[in-house]
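Report on the structure
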Amino acid sequence: MLRTVQSVHNAPPRHWVGDGFPVRSLFSYGDHGRALSPFLLLDHAGPHHFEPAARPRGVGVHPHRGFETVTIVYQGEVAHRDSTGAGGTIGPGDVQWMTAASGILHEEFHSEAFTARGGPLEMVQLWVNLPAKDKQAAPGYQTLLAGDIPSVQLPGGAGQVRLIAGALQGASGPARTFTPLQVWDLRLSAGAQARLPVTTGHTLALVVLHGAVRVGDESASAGQLMQLGREGDEVLIEAVDGPATLLWLSGEPINEPVVGYGPFVMNTRAEIEQAVDDLRSGRFGGMHATGTAAH
């Protein structure tokens, strides 16, 4: 049974996160993203051209608790450092999967090399919720380099799917997840159709980053998000007017309350207040928090 599109959403205007990331928030748990559990938020940064600079642009030390962040780079380079001692630089095709869980402090800047040479930057950052039983798990970090992410070729030359998390055609993505997820970097050839499987009952959202696609009678183009119903076990996607780049987000819904405050996403207001108190008391690791930026 083919899935149908329930709604198509436009991205709001861009806003700056720090001085390094001009983003559009395609959804969040405060708007239509409420129906996209286990996913909480998606920011699409760029494409934006940065001139060479002497000082790296980005976001200084800030906290998170209760969820995971997934950063996928398409162009440019991003450097990460956090209070667990983890860190590194990722470039085109690479992914950083950070588990904040019980609490982490981190910072994100353009790499020194990218800062010096300048150029285009494009990336997305996805927030993935954690179930209540895992929100106080130890924080962690996964570096998923492009060479470690398997790519599945679609039949008939229709395109390819890079599997960041989840499985397709016998291949599995390298990301370790707390709940069943599919996070796929999907590229469709011009005019191609792809029929892809999805688990009945799981959330499915298609984020169009470049080009335009059609699912059934509905179309979406760059900067739009398609929310599909949870009935059906297949999706038929067609690229229209050229090739298309999409982010495929599917997962088992977490049927628990979502209470958020900036960089904290928990289940109750009391847990939010505890997170704020823990941050003020220095119980978020060894880095010094200079603010509480939301991203």
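These remarks concern the structure in this document. Note that this is a predicted model, so its numbers are computed, not measured. (Residues numbered from 1 in each chain as written. Predicted model: local features only at pLDDT ≥ 70, side-chain atom pairs only at ≥ 80, totals over all residues. Heavy atoms only, no water.)

Points about the pattern of salt bridges
One pass over the structure, following the stated rule, counts 9 salt bridges. With its nearest N and O atoms 3.1 Å apart, the salt bridge here joins Asp 19 to Arg 55. Of this pair, Asp 19 sits in the loop between strand E2 (15–17) and strand E3 (21–28) while Arg 55 sits in the loop between strand E4 (39–50) and strand E5 (58–64), and the two are 36 residues apart along the sequence. When its relative accessible area of 53% is taken as the criterion, Arg 55 is described as exposed. Between Arg 187 and Asp 185 there is a salt bridge, with the nearest N and O atoms lying 2.8 Å from each other. Three or more residues are tied together by salt bridges with common partners; here these are Arg 162, Asp 185 and Arg 187. (Salt bridge = Lys/Arg side-chain N within 4 Å of Asp/Glu carboxyl O. Helix = DSSP H or I, 4+ residues; strand = E, 2+ residues; numbered from the N terminus. Buried < 20%, exposed > 50% of the residue type's maximum accessible area, 1.4 Å probe, protein only.)

Considerations on the sheet that holds strand E6 (residues 67–75)
The strands making up a sheet associate through hydrogen bonds between their backbones, and the pairing can be parallel or antiparallel. Ordered in space as E2-E3-E4-E11-E6-E9-E12, the 7 strands form an open sheet in which the pairing is antiparallel. Of all strands in the sheet, those bounded by a partner on one side alone are E2 and strand E12 (140–144). Put simply, the sheet's adjacent strands are angled 25° from each other on average, direction ignored. (Pairing = 2+ DSSP bridges. Axes fitted to C-alpha atoms, helices over the stretch in contact; angles between N-to-C directions.)

Overview of the sheet that holds strand E7 (residues 78–82)
Taken in spatial order, the 4 strands of this open sheet run E5-E10-E7-E8, and their pairing is antiparallel. Single-partner strands in this sheet number two, and they are E5 and strand E8 (87–90). Averaged over all neighbouring strand pairs, the angle between strand axes comes to 15°, with direction disregarded. Here 4 bridges tie E7 to E8, and the two strands are oriented antiparallel to one another. From the neighbouring strand, Ala 79 faces E8, where its bridge partner is Thr 89.

So, the side chain of Glu 77
When you line up the elements, Glu 77 lands in the loop between E6 and E7. Within the structure, Glu 77 has its side chain in polar contact with the side chain of Ser 111 (distance 2.6 Å). If we ignore the near neighbours within four places in the chain, the residues touching Glu 77 are Thr 89, Ile 90, Gly 91, Phe 109, His 110, Ser 111, Ala 113, Phe 114, Arg 117 and Leu 121. (Polar contact = N/O pair within 3.5 Å; in protein donor to acceptor, adjacent residues only side chain to side chain. Contact = heavy atoms within 4.5 Å.)

Things to note about the packing of aromatic side chains
All chains considered together, the criterion is met by 3 aromatic pairs. Judged by centre distance (4.8 Å) and plane angle (15°), the ring pair of Trp 184 and Trp 248 falls under stacked. Placement of Trp 184 in strand E17 (residues 181–188) and of Trp 248 in strand E22 (residues 234–251) is noted, with a sequence separation of 64 residues between them. Of the two residues, Trp 184 and Trp 248, both sit in the buried class. (Phe/Tyr/Trp six-rings, centres within 6.5 Å; stacked < 30°, edge-to-face > 60°.)

Digging into the environment of His 62
Checked against the element boundaries, His 62 lands in strand E5. On a C-alpha basis, the gap between His 62 and Gln 6 in space is 36 Å, while along the polypeptide they are 56 residues apart. A distance of 2.7 Å separates the side chain of His 62 from the backbone oxygen of Gly 60, its partner in a polar contact.

Some words on unusual backbone geometry
Apart from glycine, the bulk of residues carry a negative phi angle, and the bulk of peptide bonds sit in the trans form. Residue Pro 38 is reached from Ser 37 by a cis peptide bond, and omega for that bond is 15°. When you line up the elements, Pro 38 lands in the loop between E3 and E4. Residue Pro 47 is bonded to the preceding Gly 46 through a cis peptide linkage, with omega at 0°. Considering the arrangement of structural elements, one finds Pro 47 in strand E4. We note that Ala 101 has phi near 45°; this positive angle belongs to a residue other than glycine.

Side note on helix H2 (residues 269–280)
When the terminal C-alpha atoms of H2 are compared, their 17 Å separation across 12 residues agrees well with the 16 Å that a helix rising 1.5 Å per residue should span. In this structure, the buried residues of H2 make contact with E5, strand E10 (104–110), strand E23 (259–261) and strand E24 (264–266). Two residues or fewer past H2, Gly 282 is found with a positive phi of approximately 80°. (Expected span 1.5 Å × (residues − 1).)

Quick look at the nonpolar core
Core analysis: the biggest nonpolar cluster contains 29 residues, and Leu 186, Leu 188, Leu 206, Ile 237 and Trp 248 have the highest contact counts within it. Every element with two or more residues in this core is listed here: strand E14 (159–165), E17, strand E18 (193–197), strand E19 (203–215), strand E21 (224–228) and E22. Setting aside anything within four residues of it in sequence, one finds Leu 188 in contact with Leu 154, Ala 158, Gly 159, Ala 194, Val 213, Ile 237, Glu 238, Ala 239, Pro 243, Ala 244 and Leu 246. Of all hydrophobic cores here, the second largest spans 27 residues; its members include Trp 97, Leu 144, Ala 165 and Leu 247. (Core = buried A, V, L, I, M, F, W, Y, C linked by side-chain atoms within 4.5 Å.)

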